[in-house]
Amino acid sequence: MDDANPIGALVAAAGRGDSVAWASLVSRYTPLVASVIRDHRLRGSDAEDVGQTVWLRLVENLGKLREPQALPMWIITTTRNECLRLIRNSKRQRPFDPTDERGAVEATDTAQPDERLLESERHRALLAAFAELPEHQRELMLLLIADPPIPYAEISQRLGIAVGSIGPTRARALQRLRESSSITRYRDQGSHDKEGGRRGVASLER
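Not measured: the values here are computed from a predicted model.

**Notes on the nonpolar core**
Line of reasoning, step 1. L25, Y29 and L71 are the most contacted members of the largest nonpolar core, which has 28 residues in total.
Line of reasoning, step 2. When residues in this core are grouped by element, the largest group, seven residues, is from helix α2 (residues 19–39).
Line of reasoning, step 3. Leave out the neighbours within four places in its chain, and L25 touches L10, V11, A14, W55, L62 and L71.
Line of reasoning, step 4. In terms of nonpolar packing, the next biggest core, distinct from the first, is built from 16 residues, L133, M141, I166 and L174 among them.

**Some details on helix α1 (residues 6–15)**
Line of reasoning, step 1. Of all 10 residues making up α1, seven are buried, and the element is well covered by its neighbours.
Line of reasoning, step 2. Residues P6, I7, G8, L10, V11, A13 and A14 constitute the buried set of α1.
Line of reasoning, step 3. The positive-phi residue at the C-terminal boundary of α1 is G17, with phi of around 95 degrees.

**A closer look at the pattern of salt bridges**
Line of reasoning, step 1. Applying the stated criterion across every chain yields a total of six salt bridges.
Line of reasoning, step 2. In this structure, the salt-bridge partner of R57 is E82, at a minimum N-O distance of 3.6 Å. With R57 in helix α3 (residues 44–61) and E82 in helix α4 (residues 71–93), this residue pair connects regions lying 25 residues apart in the sequence.
Line of reasoning, step 3. Between R122 and E119 there is a salt bridge, with the nearest N and O atoms lying 2.6 Å from each other. With R122 and E119 both in helix α6 (residues 114–131), this residue pair falls three residues apart, about one helical turn.
Line of reasoning, step 4. Its relative accessible area of 41% is what places E119 among the partly exposed residues.
Line of reasoning, step 5. One continuous salt-bridge network, built from bridges that share partners, spans R57, E60, E82 and R85.

**Quick notes on the packing of helix α7 (residues 135–144) against helix α9 (residues 166–179)**
Line of reasoning, step 1. Across the interface, α7 lies against α9 with an axial gap of 10 Å and an inter-helix angle of 105 degrees. Classified by the angle between their axes, α7 and α9 sit roughly perpendicular to one another. When α7 is examined against α9, the residues H136, Q137, L140, M141 and L144 are found in contact with a partner set consisting of I166, T169, R170, R172, A173, L174 and R176.
Line of reasoning, step 2. Per-class residue counts for the contact of α7 with α9 are six nonpolar, three polar and three charged.

**Regarding the packing of aromatic side chains**
Line of reasoning, step 1. What the rule picks out here adds up to one aromatic pair.
Line of reasoning, step 2. Where W22 meets W55, the ring centres are 6.2 Å apart and the plane angle is 85 degrees; that geometry is what we call edge-to-face. With W22 in helix α2 and W55 in helix α3, the pair connects residues that are 33 residues apart, well separated along the chain.
Line of reasoning, step 3. Classification of W22 as partly exposed rests on a relative accessible area of 21%.

**Some details on α9**
Line of reasoning, step 1. A rise of 1.5 Å per residue sets the reference length of α9, with its 14 residues, at 20 Å; its end C-alpha atoms lie 20 Å apart and thus fit the reference within 8%.
Line of reasoning, step 2. Of all the residues in α9, the buried ones are I166, T169, R170, A173, L174 and L177. Here the buried residues of α9 occupy an arc of 135 degrees about the axis, which is enough to place them on one side.

**A short note on the confidence of the model for the protein**
Keep in mind that low pLDDT regions are not for reading the predicted coordinates in detail.
Line of reasoning, step 1. Across the protein, pLDDT averages 83, with 78% of residues at or above 70.
Line of reasoning, step 2. Mean pLDDT across the elements of the protein bottoms out in helix α5 (residues 101–108) (44) and peaks in helix α8 (residues 152–159) (96).
Line of reasoning, step 3. Predicted confidence is poor over residues 98–111, with pLDDT under 50, and the contacts of this stretch with residues over four places away or in other chains come to three contacts.

How each quantity is defined
- Residues numbered from 1 in each chain as written.
- Predicted model: local features only at pLDDT ≥ 70, side-chain atom pairs only at ≥ 80, totals over all residues.
- Heavy atoms only, no water.
- Core = buried A, V, L, I, M, F, W, Y, C linked by side-chain atoms within 4.5 Å.
- Buried < 20%, exposed > 50% of the residue type's maximum accessible area, 1.4 Å probe, protein only.
- Helix = DSSP H or I, 4+ residues; strand = E, 2+ residues; numbered from the N terminus.
- Contact = heavy atoms within 4.5 Å.
- Salt bridge = Lys/Arg side-chain N within 4 Å of Asp/Glu carboxyl O.
- Axes fitted to C-alpha atoms, helices over the stretch in contact; angles between N-to-C directions.
- Parallel < 35°, antiparallel > 145°, perpendicular 65-115°, else oblique.
- Nonpolar A, V, L, I, M, F, W, Y, C, P; charged D, E, K, R; others polar.
- Phe/Tyr/Trp six-rings, centres within 6.5 Å; stacked < 30°, edge-to-face > 60°.
- Expected span 1.5 Å × (residues − 1).
- Arc of directions from axis to C-beta.
- pLDDT = per-residue confidence, 0-100.

Structure below.
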């Protein structure tokens, strides 16, 4: 695996039919798909249907992705479109009862506070950036942000690395997150929230 561009190597390998690379892509980006689905308040079988459709669409379009850095945005856009399609179909099939208070709440509760929207965008940018990390850095960061905290000695044993290398590896991972295409893109959009990307990465620092 190319540590300099792990996603590019995974996309290329998965496009050639490498099942291990495909499984790694799904593992890395499943949290991103789930985040978009949660924002659309889909659960249970609806959420599963959207997730399965997104991965099917990716299988169909993997060979057309010329720029691996575009993968997170492709996933976000495709997941959002599938969520909206399912919601539209569901509304067509379900008669509206004006006396149903739940329906009234759903109909009026479409506008979310700006801060919640910004938080969702920051979260998705961080998830996409996290997926770009090399596997050994992702594994380490997942252990470091576990709740309750895991002692360094146990992390060392689980990953088979020296305790003294945990700090430097963590620092490299955080720097990589700050410089990732996803965080950079989010920051560059950022007239509305210039500090958003920085705050997202800072949430992983302890």
